[in-house]
Structure formats: C-alpha cells, structure tokens
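# Breakdown of the fold
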Amino acid sequence: MALVTTKEMFNKAFEGKYAIGAFNINNMEIIQAITRAASRLKSPVILQVSKSALKYAGPEYLKRMVDAAIAETGIDIALHLDHGPDLETVKEVIDAGFTSVMFDGSHYDYEINVAKTKEVVDYAHARGVVVEAELGKLAGVEDDVKVDAADATYTDPDQAVDFVKRTGVDSLAIAIGTSHGAYKFKGEAKLDFDRLATITEKLEAAGIHNFPIVLHGASSVDPVSVETCNKYGGKIEGAAGVPNEMLRKAASMAVCKINMDTDIRLAMTAAIREVFGEQPSEFDPRKYLGVARERIEKLVEDKIKNVLGSANSL
Ligand code: G3H
Ligand code: 13P
Ligand code: ZN
C-alpha cells in the first residue's frame, strides 16, 4: 500500500455515487485519527495540507508522518496540496512527494486563471501528479440574495467546460453556495444543485465523461461540538454548516471530493476544552490530545458512514 493519486479513487467514486473525504492535516494526532478511521472502515481518504499548514509543520514532517500512517494502517492515501497559491509551492510539495495538488487561481481574472492553471497542470502531469483547480468565488451567499449576485460569484457552467478543456485539470472545485469556516449561512442553508447538474451535463455534452467535481467549505459544523466549546469557555456564536443531507446529495451527483477542516478543528477544540474544564489539574498533553484524537476518529468514522458513503470501497 502506498501514496496514490486521486485518479482511481475518483473514477470509482463517480461510478459508485459516493465521495472521498479530504481532511486537512496539521499534526500527528489529526493524521492518526483520520487514517485509523479510514482504515477501520476500508475507505479511501485524501489528506490535504494548506500553505499555512506547510509553514506550521513543514512538508517533510507531514510527508513522513503520512508515510508512517500508511505503514501502520496499510491503506492507500492521496497526499494533496490544498489551495496552492503558486507554482513555487506546487514544486515544493511535489519535491516532497505529494501525489496531488490544487492550484487556486479563483481570485484571478478568468484568462489568468486558465494560463496559471495550465502551467501547473503541465508541470504536475509531467511528474505523475494530478491537479485540482477552482473556478468561481466561494463566498457565502445569504438567503435573500438576488439571482444576479449568485451568478456573479457561482461557477458559470459554460466557463467550467472551457476551463477544463483548455487547462487539462483532473478535477474542479466549484462555487454553488458553500464557504470556508464555521459561519456558512445566515438563514436557511441553500446550495445550487441545478448548477452542479448543469455543469456535469455540459461537460458530458462536450465529451468529458465522469468528470470529478470538488466541494470546498463542506463542513457540517456540528452543533454539539460548538455547544461544548462554548460550555467550557469558548465564544463561537452563530455558527452554521452544510446540512448532511445536502452533502449526501452532492456525493450522489458529480462531487467526488468533499473538503472538511472546520469540523476537525471544532471536534479537537471541544475535546481539549472539555478536558481542561472537567480536569483543571491535568497538564499532561497526552491526556487532552489523546481525547482530541479519539473525537476526531469518531467524527471521521461518522463522515465516512453517514455523509460520504465511501466505506468498503478500497
Ligand atoms: O480552506 C482552507 C483550509 O481550511 C485551511 O485553512 O489556511 O488556516 O490552514 P488554513
Ligand atoms: P471547511 O471550512 O468547511 O471545513 O472547508 C475546508 C476546505 O474547503 C479546505 O479546502
Ligand atoms: Zn477550501
């Protein structure tokens, strides 16, 4: 078993109408929790590293800890750069052994996004690494927003086809109403599933079959974790995530990769706050980080079973 790209994972996920969880990693406990849960449920998994995680832990540390997780669990894992800002960072992680990279040019003008993404694709493909790109702006849209405003930020289906054709990317992150962090919706949660369906229809019509779509900002923001944080001294107000049934619907459509970071942060913080609150004399880091690791493991198990549907697909 080894580090793999996402190619086969996505082919199987598209056909099987499920999604692969992409979880952000920063340290040993998070890596162990995610990979142990995935291994127990025989689920493929993507571990992803942001630019700030690279800065925090270092690519070598992260890569070696992931290698250790593969040795321990015996499962295939894709190691992915999340929101890569430039070719330089892409080169750095490919040198460190990552198997997948995201280049996020969504904030550039369209033609610049195309050109920069194509440059990354050419570089990565020559080295056997797959590429995810992003089109559309991942801003949370409020309930009463006018359709025109959504059109200005959400992914344009015709542009998505043109983008995939011209860049040769392996997967595409789209904007249909999700956003990063713990405050995703002011009122009722809404995702533009019609837009997602149209993107796939237009890709198919252009001869691009079973193309994997990625959903960023897809944490469900568990109210129990938020309440636990607040009960033990936290101050997280007005938090709202994507309802699980919406994530399941997206997974049954063309979404093959569902990104979650906030849910791990909340589970970890809730666990640590609870230990500190209940056992104020405790100061052994293994006592609170160990509890945090257990909680994350449970969270990932729940995601695989009840949201992603990726169990028993290795
Ligand atoms: O999409 C962003 C991820 O949640 C990573 O966040 O840059 O704080 O590590 P970060
Ligand atoms: P959340 O903030 O919803 O966990 O999204 C994480 C993400 O998209 C990482 O790229
Ligand atoms: Zn993201």
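Keep in mind that this is a model prediction, so the values were computed, not measured. (Residues numbered from 1 in each chain as written. Chains lettered and ligands numbered in written order. Predicted model: local features only at pLDDT ≥ 70, side-chain atom pairs only at ≥ 80, totals over all residues. Heavy atoms only, no water.)

## Here we look at the coordination of the zinc ion (ligand 3)
Geometrically, a metal with four donors at the corners of a regular tetrahedron has ideal angles of 109.5 degrees, and one with six donors at the corners of a regular octahedron has ideal angles of 90 or 180 degrees. Distances from the zinc ion (ligand 3) to its protein donors, H83 (NE2), H180 (NE2) and H216 (ND1), fall at 2.0 to 2.1 Å. Ordering the donors of the zinc ion (ligand 3) by residue number gives the pattern H-x96-H-x35-H. With a gap of 97 residues between them, H83 in strand 3 (residues 77–84) and H180 in the loop between strand 6 (171–174) and helix 9 (193–205) connect regions that are remote in the sequence. H83 sits in the partly exposed class, given a relative accessible area of 21%. Residue H180 is classed as partly exposed on the basis of its relative accessible area, which comes to 44%. (Donors = N, O, S within 2.8 Å, 3.2 Å for Na, K, Ca; no water. Helix = DSSP H or I, 4+ residues; strand = E, 2+ residues; numbered from the N terminus. Buried < 20%, exposed > 50% of the residue type's maximum accessible area, 1.4 Å probe, protein only.)

## Focus: the site of ligand 1
Around ligand 1, the structure places N24, S50, S52, D82, H83, H180, D261 and R265. Between ligand 1 and the protein, one listed contact pairs an oxygen atom with a side-chain N or O atom of S50 at 2.6 Å. One of the side-chain N or O atoms of D261 is found 2.6 Å from an oxygen atom in ligand 1. When isolated, ligand 1 has an accessible area of 310 Å², and the protein chains bury 68% of it. When its residues are assigned to classes, the shell around ligand 1 shows no nonpolar, five polar and three charged. (Near = heavy atom within 4 Å. Polar contact = N/O pair within 3.5 Å; in protein donor to acceptor, adjacent residues only side chain to side chain. Areas by Shrake-Rupley, 256 points an atom, 1.4 Å probe, with all protein chains shown as cover. Nonpolar A, V, L, I, M, F, W, Y, C, P; charged D, E, K, R; others polar.)

## Thoughts on the site of ligand 2
With respect to spatial proximity, 15 residues lie near ligand 2, and among them D82, K184, S219, D261 and T262 are the closest. Protein burial of ligand 2: of its 310 Å² of free accessible surface, 96% is covered by the chains. Secondary-structure elements contributing two or more residues to the shell around ligand 2 are strand 3 and strand 8 (255–260). Its residues placed into classes, the shell around ligand 2 shows two nonpolar, 10 polar and three charged.

## Overview of the pairing of strand 8
Side-chain positions along a regular strand alternate between the two faces of the sheet. A large share of strand 8 lies buried, amounting to six of its six residues. Note that strand 1 (residues 20–24) and strand 8 share four bridges and pair parallel. Within the sheet, the bridge partner assigned to A22 lies in strand 8 and is N259. In this sheet, strand 8 lies alongside strand 7 (residues 213–215) in parallel orientation, the contact comprising three bridges. (Pairing = 2+ DSSP bridges.)

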